[in-house]
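Commentary on secondary and tertiary structure
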Amino acid sequence: MEHIDEKDHLWKKRLVYCLGDHKNKNELDVILKIMDTEDEELFVMCVDALKGMVTEDNREKISCSKNSNA
């Protein structure tokens, strides 16, 4: 996951588009890392991917990430 920051926005958008369906911790961590961006379209894609991933187990993690980006 440490190499994600080195990738361009198009690569990140493609990755986020593929994530979110499996609702696992690794996908959640990747999306939360990628959504810390100035690219508005990429940010919206991350939010959309997260919408389907919200569970009781990861609700707090998503909330904490949102607050740290504010």
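Residues numbered from 1 in each chain as written. Predicted model: local features only at pLDDT ≥ 70, side-chain atom pairs only at ≥ 80, totals over all residues. Heavy atoms only, no water.

**Details of the overall build of the protein**
Where we set the bar: Starting at the N terminus, helices and strands are each numbered in turn, a helix being any DSSP run of H or I of at least four residues and a strand any DSSP run of E of at least two. Per-residue accessibility, obtained with a 1.4 Å probe over protein chains only, is compared with the maximum for each type, and a residue is labelled buried under 20%, exposed over 50%, and partly exposed between these values. Any two residues whose heavy atoms approach within 4.5 Å are treated as being in contact. The protein chains shown are the only cover counted for residues, whose accessible areas, like all others here, come from Shrake-Rupley with a 1.4 Å probe.
Counting its regular elements, the protein contains 4 helices and 0 strands. When the helices and strands of the protein are placed in sequence order, the string is α-α-α-α. Among the 70 residues that make up the protein, the fraction classed as buried is 34%. When contacts within the protein are restricted to residue pairs at least 6 apart in sequence, those whose partners lie at least 24 apart make up 57%. Carbon and sulfur atoms make up 50% of the accessible area of the protein, which amounts to about 5,100 Å² in all.

**Structural notes on the packing of aromatic side chains**
Which entries qualify depends on this criterion: By convention, a stacked pair of Phe, Tyr or Trp rings (six-membered ring in the case of Trp) has centres within 6.5 Å and planes under 30 degrees apart, an edge-to-face pair has planes over 60 apart, and any other such pair is tilted. A ring is scored as having a charge over it whenever the NZ atom of a lysine or the CZ atom of an arginine sits within 6 Å of its centre and within 35 degrees of its normal.
For the structure on display, the rule yields 0 aromatic pairs. Lying across the ring of W11, K7 places its NZ or CZ 5.2 Å from the centre.

**Things to note about the pattern of salt bridges**
Just so we agree on the cut-off: We define a salt bridge as a side-chain nitrogen of Lys or Arg found within 4 Å of a carboxyl oxygen belonging to Asp or Glu.
For the coordinates displayed, the defined rule picks out 5 salt bridges. Across the pair K13 and E41 runs a salt bridge, and its minimum N-O distance is 3.0 Å. Taken together, the positions of K13 in helix α1 (residues 9-18) and E41 in helix α3 (residues 40-51) put the pair 28 residues apart, joining distant regions of the chain. For E41, a relative accessible area of 49% corresponds to the partly exposed category. Here K51 makes a salt bridge to D48, at a shortest N to O gap of 3.5 Å. With K51 and D48 both in helix α3 and 3 residues apart, this pair spans about one turn of that helix.

**Comments concerning the environment of F43**
In this fold, F43 is placed in helix α3. Residues F43 and V16, 27 residues apart in the sequence, show an inter-C-alpha distance of 9.8 Å. Setting aside residues up to four positions removed in sequence, F43 forms contacts with M35 and T37.

**Focus: α3**
Going by this rule: The span expected for a helix works out to 1.5 Å for each residue beyond the first. To obtain the arc, one takes the directions from the helix axis to the C-beta atoms. For this analysis, a polar contact is any N or O atom pair within 3.5 Å, provided that within protein one partner can donate a hydrogen and the other can accept it, and provided that sequence-adjacent residues contribute only side-chain to side-chain pairs.
Relative to the 16 Å expected for 12 residues at 1.5 Å per residue, α3 spans 17 Å between its end C-alpha atoms, a close match to the ideal helical length. When α3 is considered as a whole, its buried residues turn out to be L42, C46, A49 and L50. One side of α3 holds all its buried residues, which, seen down the axis, span an arc of 100°. Opposite the packed face of α3, turned more than 90 degrees from it, sit the exposed residues E40 and K51. The N-cap of α3, judged by a side-chain oxygen 3.0 Å from the amide nitrogen of E41 a few residues on, is D39.

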